[in-house]
Amino acid sequence: MEALLLGWFEEHGRDLPWRRTTDPYAVLVSELMLQQTQVPRVIPRYVAWIQRWPTAEALAAAPRAAVIREWQGLGYNRRAVNLHRASEIVAAEGWPEDLTKLPGVGAYTAAAVRRFAFGEPVLPVDTNVGRVLERTGGRFGPEAAAALMDLGATVCLARVPRCRECPLASDCPSRGRRYEPLRKQSRFEGSFRQRRAETLRLVAAGRSSGLDAEAVASLAQDGLVEMRAGLVRLPQ
Ligand code: SF4
């Protein structure tokens, strides 16, 4: 099965900018961005980010406010603070043995950096990879990581998989099945998440008072804003 998958990947794999590097910092940037943002939205932002801050040292030296501003529009802004803190740790102490010691890095992200940057024999299992593994019952090794991701993202889709285009169809016990609609993501419109995003946008644009107090408190807790003498600003 793995050989079929790798053959398919050679022809159909996605050409993503973070796949052209094995620099752990660049891989970490891409993985944090991809945690909650779709690939097409991440691509231009990742390229711009790496141009602006090509190393962990460069990012660590940047003001927190600039990092938060650059992240605007990607959503889940706490990731910007985590990435900045992680780069500070890496710049000061190097890469930790256990990558989950870095802020914002969970088991999956750690496995992805270990695989794609350090070339370690681990298979990072995200939602797409997990789905393909479950449906095929196949055993795939670390070499298949990127191919599994692409198959899950483009062919073995969550609800209606494209089994006719699938290189694994002949051996797949789930071939031809349909799945229940996915649980809908909670609405962004009118949500507290939206209020936080809007408040952060206003602070980044220079507004320091007359803001949504609840959102400000929550943003301050995440290190995204700070309060000085009753005024709100991005962390300095
Ligand atoms: S045959 Fe269908 S269910 Fe099986 S891995 Fe391929 S796309 Fe997924």
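When helices and strands are counted, the protein shows 11 helices and two strands. Traced from its N-terminal end to its C-terminal end, the protein shows the element sequence α-α-α-α-α-α-α-α-α-α-α-β-β. Its C-alpha atoms put the protein at 65 × 40 × 25 Å along the principal axes. Per-residue burial over the protein gives 44% buried out of 236 residues. Averaged over its 33 positive side-chain charges, the protein has a centre that lies 8 Å from the centre of its 26 negative ones.

Between side chains of opposite charge, a pair can form as their charged atoms come close. One pass over the full model with this rule turns up 14 salt bridges. Here Glu-70 ties to Arg-52 by a salt bridge, and the two come within 2.5 Å at their closest N and O atoms. In this pair, Glu-70 sits in helix H5 (residues 64-71) while Arg-52 sits in helix H3 (residues 39-52), placing the two residues 18 residues apart along the sequence. Of the residues examined, Glu-70 reaches a relative accessible area of 16% and is grouped as buried. Residue classification places Arg-52 among the partly exposed residues on the basis of a relative accessible area of 42%. The partner of Arg-114 in a salt bridge is Glu-120, and the shortest N-O contact between them spans 2.6 Å. Take Arg-114: its relative accessible area is 30%, and that puts it in the partly exposed class. For Glu-120, a relative accessible area of 27% puts it in the partly exposed group. When salt bridges with common partners are traced through the structure, they connect Arg-14, Arg-19 and Asp-150 into a single cluster.

A separate point is the environment of Arg-19. Position of Arg-19 relative to the elements: it lies in the loop between helix H1 (2-12) and helix H2 (24-34). Measuring from C-alpha to C-alpha, the distance between Arg-19 and Trp-8 comes to 17 Å, with 11 residues separating the pair along the chain. Residues within four places of Arg-19 in sequence aside, it is in contact with Phe-9, Arg-14, Ala-146, Met-149 and Asp-150.

Core analysis: the largest hydrophobic core is formed by 31 residues, its most contacted members being Met-33, Trp-49, Trp-53 and Leu-83. Considering every element that reaches this core, the biggest residue donor is H2, with seven residues. Once residues within four sequence positions are removed from consideration, Met-33 is found in contact with Val-42, Arg-45, Tyr-46, Trp-49, Trp-71, Leu-74 and Arg-79. Among the nonpolar cores identified, the runner-up in size contains 15 residues, and Val-129, Ala-147, Leu-151 and Val-155 belong to it.

With that settled, consider the packing of H5 against helix H6 (residues 78-93). Packing of H5 against H6 leaves a shortest axis separation of 9 Å and a crossing angle of 135°. Relative to H6, the element H5 lies oblique. Relative to H6, the crossing made by H5 is right-handed. Across the interface between the two elements, Arg-64, Val-67, Ile-68 and Trp-71 of H5 pack against Arg-79, Ala-80, Val-81, Leu-83, His-84, Arg-85 and Glu-88 of H6.

Our focus in this paragraph is the packing of H1 against helix H9 (residues 145-154). Following both chains from N to C, one finds H1 and H9 inclined at 75°, their axes separated by 9 Å at the closest point. The orientation of H1 with respect to H9, classified from their angle, is roughly perpendicular. Taking contact as the criterion, the partners of Leu-5, Leu-6, Trp-8 and Phe-9 in H1 are, on H9, Ala-146, Ala-147, Leu-148, Asp-150, Leu-151 and Thr-154. Here the contact of H1 with H9 is built from residues that sort into eight nonpolar, one polar and one charged.

A few words now on the environment of Arg-196. Here Arg-196 lies in helix H10 (residues 192-204). Assessed through its relative accessible area of 14%, Arg-196 is described here as buried. In the structure, Arg-196 is positioned 110 residues away from Ala-86 in sequence and 23 Å away in space, judged by C-alpha atoms. Discounting chain neighbours no more than four positions away, the residues touching Arg-196 are Ala-215, Ser-218, Leu-219, Asp-222 and Leu-224. A distance of 2.6 Å separates polar atoms of two side chains, one belonging to Arg-196 and the other to Ser-218.

Rules behind the numbers
Residues numbered from 1 in each chain as written. Predicted model: local features only at pLDDT ≥ 70, side-chain atom pairs only at ≥ 80, totals over all residues. Heavy atoms only, no water. Helix = DSSP H or I, 4+ residues; strand = E, 2+ residues; numbered from the N terminus. Buried < 20%, exposed > 50% of the residue type's maximum accessible area, 1.4 Å probe, protein only. Lys, Arg positive; Asp, Glu negative; His and termini not counted. Charge placed at Lys NZ, Arg CZ, Asp CG, Glu CD. Salt bridge = Lys/Arg side-chain N within 4 Å of Asp/Glu carboxyl O. Contact = heavy atoms within 4.5 Å. Core = buried A, V, L, I, M, F, W, Y, C linked by side-chain atoms within 4.5 Å. Axes fitted to C-alpha atoms, helices over the stretch in contact; angles between N-to-C directions. Parallel < 35°, antiparallel > 145°, perpendicular 65-115°, else oblique. Left-handed = near helix turned anticlockwise from the far one by under 90°. Nonpolar A, V, L, I, M, F, W, Y, C, P; charged D, E, K, R; others polar. Polar contact = N/O pair within 3.5 Å; in protein donor to acceptor, adjacent residues only side chain to side chain.

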